[in-house]
Every structure is written in structure tokens, then in C-alpha cells.
Amino acid sequence: MFLHNKRLMYTVRVDEPNPNFAKLLLEQFGGANGELAAAMRYFTQAWNDPEAQRRGMLLDIATEELSHLEMVGQMLVLLLEGSPPAKVDEVEGSYLGKLMAGKGSLADLALNPGDAVLGAGGPRLTDSAGNPWTSAYVDTLGQPVADLHSDIAAEARAKIVYERLIKYTDDAGVSDTLNFLMTREVAHQKMFEAALAAIAEDFPPGTLQGDKKLGHAYIKDSSGGSGASEEGFEFAQANSKWEFELDPDPVANAADETVL
Ligand code: MN
Ligand code: MN
């Protein structure tokens, strides 16, 4: 059961309307790394998770992401206040009317031009380029180790998108609100890392171990110049306890029976 508590999770502050920034912020409303994608990722993943504590955590985080979506929606409304997109349906001075009379420009509609017709100029579930939200953003497989790695990466991406948005604004209220949202994604990343650490057998994911020699081979796929296989091998070897072995030549090792 969901209940809507009308108090926001954190006070949303926007000091000045800014339709151009609203367009960028749409990325966190209906974009690939946005709040709806995050909420749906954890909400659907939870149902397929046999472990009760992890399922509970996934549902808690999914619910918090919906609270973030609510905050981003409120920010978008405040950023668009008084702007042409907010005036689309007015009887007097309708922006679309002016546009038809040649007195305006589609470029003034800071959100995507289609939003003026289909969304009265307000936020729709698209990213900043107008691409519609899609469930393809959710890459859950139903295997906890693979999914938790993906969740950690999703939180890292969400954090970085907020960080970039903060760098694009000089509005103190917007910056404060975005900082709250960014910091919560840091907390979520840590929760998913904890959930992964709680799985004793987490490498390789799944139940089949694969071939031992192949799993350790660094195949020599390039030679000459910088970025040659030896450098890649040394880089991997120096930063891992996995103990790779440099496999000399993939061509020499290729099957000689099979001809395509
Ligand atoms: Mn979030
Ligand atoms: Mn998150």
C-alpha cells in the first residue's frame, strides 16, 4: 500500500525561474539515470529477490526514489514559473497563439518543443533531449550479484549527473536541493555495496565457474605502439590479485580444424 505524504522529503528551493536549466534537469525526471528509472529498477528487482532483508532494502530505496522524483517534479515547476512553457494554454497571450502569429520562437520553449503541444509546456517523462522514458533503462536480470553491480553503477551515474547539474547552476537554492539529491545517491551506492558484501560467494556471479585457464588468460590482442597487450597485461596484473597470464598469440592458439 502506498500513502502520499504531502510533505516533501527535503525543502525544494529555486531562487529564480530558469527554463533552460529545467530542460537539463528533465534528465533526472524521465532520463536513463533519472529518478523514475531508479524507482522502477529497485521496485521490480525487489519482487524477484528471494532474500527478505535485501528485498526490504530494495523496496525502501525504490520508495525513496519516488520521493526524489516528486522533488525533481517540484523543482521543474518552480524553474518554469512564468516562462513561455507555463503560458501555453492561457486564453490571453497564449504562447502557442503568439507562435502561430509569428511572434515567438520554438527555441524559447525551453523544454522540448513537442512538450508545448503534448504537455502544456510542463515536464513530461522524457530526458533532456525529448526521448521518451522507457523500461529498457532497467537492466535487472534476476541474479543478485549481477543486479547489485548494476545498481552500484546506476547510483554512481545518478550521482555524477547531479554533480554535473550542480556545476551548471549558480542558483543557491537549486544547488542546495540538488546537493541533497546527489548525497542520497551516495548513500544508496553504499547500501548496495553493503548488500553485495553480504553475499559470501559473489565471484564469478552465478553457479558455473568456467574454465580455470581461460578465466586467467590475458589474450594478446594487439602489438606495437603504446597501448599494446603487454602494457594492458601489466596494468591488469599490477592492480589485481587475480593473477592473469599473458597468452602469447590468439592466432597460434586458434583451432586449426574449424574453417568458416
Ligand atoms: Mn534518487
Ligand atoms: Mn538512488
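Scroll up to find the structure this text is about.
Values in this document were obtained by computation on a predicted structure and should not be read as measured data.

## As for the coordination of the manganese ion (ligand 1)
Note on the manganese ion (ligand 1): its protein donors are E35 (OE), E35 (OE), E65 (OE), H68 (ND1) and E185 (OE). The metal-donor distances range over 2.0 to 2.6 Å. Coordination of the manganese ion (ligand 1) draws on donor residues from a single chain, spaced E-x29-E-x2-H-x116-E in sequence. Here the manganese ion (ligand 2) and the manganese ion (ligand 1) are spaced 3.7 Å from one another, each receiving a donor from E65. Of this pair, H68 sits in helix α4 (residues 52-80) while E185 sits in helix α8 (residues 172-197), and the two are 117 residues apart along the sequence.

## Let's talk about α8
Taking 1.5 Å of rise per residue, 26 residues should cover 38 Å, and α8 covers 38 Å from first to last C-alpha, within 8% of that figure. Within the sequence span of α8, burial applies to G173, V174, T177, L178, F180, L181, M182, E185, H188, F192, A195 and L196. Of the surrounding elements, those touching the buried residues of α8 are α1 (19-25), α3 (35-47), α4 and α7 (144-167). For α8, the capping residue at the N-terminal end is D171, with a side-chain oxygen 3.0 Å from the backbone nitrogen of G173.

## Digging into the coordination of the manganese ion (ligand 2)
Those donors, E65 (OE), E155 (OE), E155 (OE), E185 (OE) and H188 (ND1), are the protein atoms that reach the manganese ion (ligand 2), and they lie 2.0 to 2.4 Å from it. Coordination of the manganese ion (ligand 2) draws on donor residues from a single chain, spaced E-x89-E-x29-E-x2-H in sequence.

## Things to note about empty space enclosed by the protein
The full count for this structure, using the stated rule, is one cavity of 30 Å³ or more. Of the volumes computed, that of the largest cavity is approximately 70 Å³. In this structure, the largest cavity is lined by Q45, N48, D49, R54, G142, Q143, P144, D147 and L148. No other element matches the three residues that α7 contributes to the lining of the largest cavity. Its residues placed into classes, the lining of the largest cavity shows two nonpolar, four polar and three charged.

## Considerations on the environment of G73
Its place among the elements puts G73 in helix α4. Residues G73 and P123, 50 residues apart in the sequence, show an inter-C-alpha distance of 7.5 Å.

## Focus on the layout of surface pockets
In this structure, the largest pocket spans a volume of roughly 250 Å³. The wall of the largest pocket is formed by F2, L3, H4, N5, R7, L8, M9, T63, L66, S67 and E70. Empty space within the second largest pocket amounts to approximately 150 Å³. Taken together, F203, P204, Q209, G210, D211, K212, G215, H216 and W242 make up the lining of the second largest pocket. Residues of the lining of the second largest pocket, tallied by class, amount to three nonpolar, four polar and two charged.

## Quick word on the packing of aromatic side chains
Scanning the model with the defined rule gives seven aromatic pairs in all. With 6.2 Å between their ring centres and 55° between their planes, F2 and F43 make a pair best called tilted. Separated by 41 residues along the polypeptide, F2 in the segment before α1 and F43 in helix α3 bring together distant segments of the chain. Accessibility expressed as a relative area gives 27% for F43, which makes it partly exposed. Relative to Y137, the ring of W133 lies with its centre 6.2 Å away and its plane at 80°, an arrangement referred to as edge-to-face. What makes W133 partly exposed here is its relative accessible area of 22%. Ring pairing ties together the aromatic residues F2, F43 and W47, which thus form one cluster.

So, how was this worked out
- Each chain has its residues counted from 1, following the order in which its sequence is written.
- As a convention, the first chain written is A and the first ligand written is 1, with the rest following in written order.
- Where local features are concerned, this predicted model is filtered to residues with pLDDT of at least 70; where side-chain atom pairs are given and counted, the filter is 80 or more; whole-chain, interface and lining totals use all residues.
- Side-chain metrics rest on all non-hydrogen atoms present in the structure, leaving aside hydrogens and water.
- Any N, O or S atom lying within 2.8 Å of the metal counts as a donor, with the limit raised to 3.2 Å for Na, K and Ca; because water is left out of the atom set, some sites can appear incomplete.
- Numbering of helices and strands runs from the N terminus, with a helix taken as a DSSP run of H or I at least four residues long and a strand as a DSSP run of E at least two residues long.
- Each helix should span, by expectation, one fewer than its residue count multiplied by 1.5 Å.
- Using a 1.4 Å probe on the protein chains alone, a residue whose accessible area is under 20% of its type maximum counts as buried, one over 50% counts as exposed, and one in between counts as partly exposed.
- Any two residues whose heavy atoms approach within 4.5 Å are treated as being in contact.
- Counting of polar contacts relies on pairs of N or O atoms within 3.5 Å, with two restrictions inside protein: one atom must be capable of donating a hydrogen and the other of accepting it, and residues adjacent in sequence are counted only when both atoms are side-chain atoms.
- Using protein atoms alone on a 1 Å grid, points that fit a 1.4 Å probe yet trap it form a cavity, whereas open point sets bounded by protein on both sides within 12 Å along at least five of seven lines form a pocket; residues with an atom within 4 Å of a point count as lining.
- Grid points are joined across faces, edges and corners, and a volume is the space filled by probe spheres set on the points.
- Residue polarity is assigned by list, with Asp, Glu, Lys and Arg as charged and Ala, Val, Leu, Ile, Met, Phe, Trp, Tyr, Cys and Pro as nonpolar; anything else, Gly included, falls into the polar class.
- Only Phe, Tyr and Trp rings take part, Trp by its six-membered ring, and two of them pair if their centres are within 6.5 Å. Stacked means planes under 30 degrees apart, edge-to-face means over 60, and tilted covers everything else.

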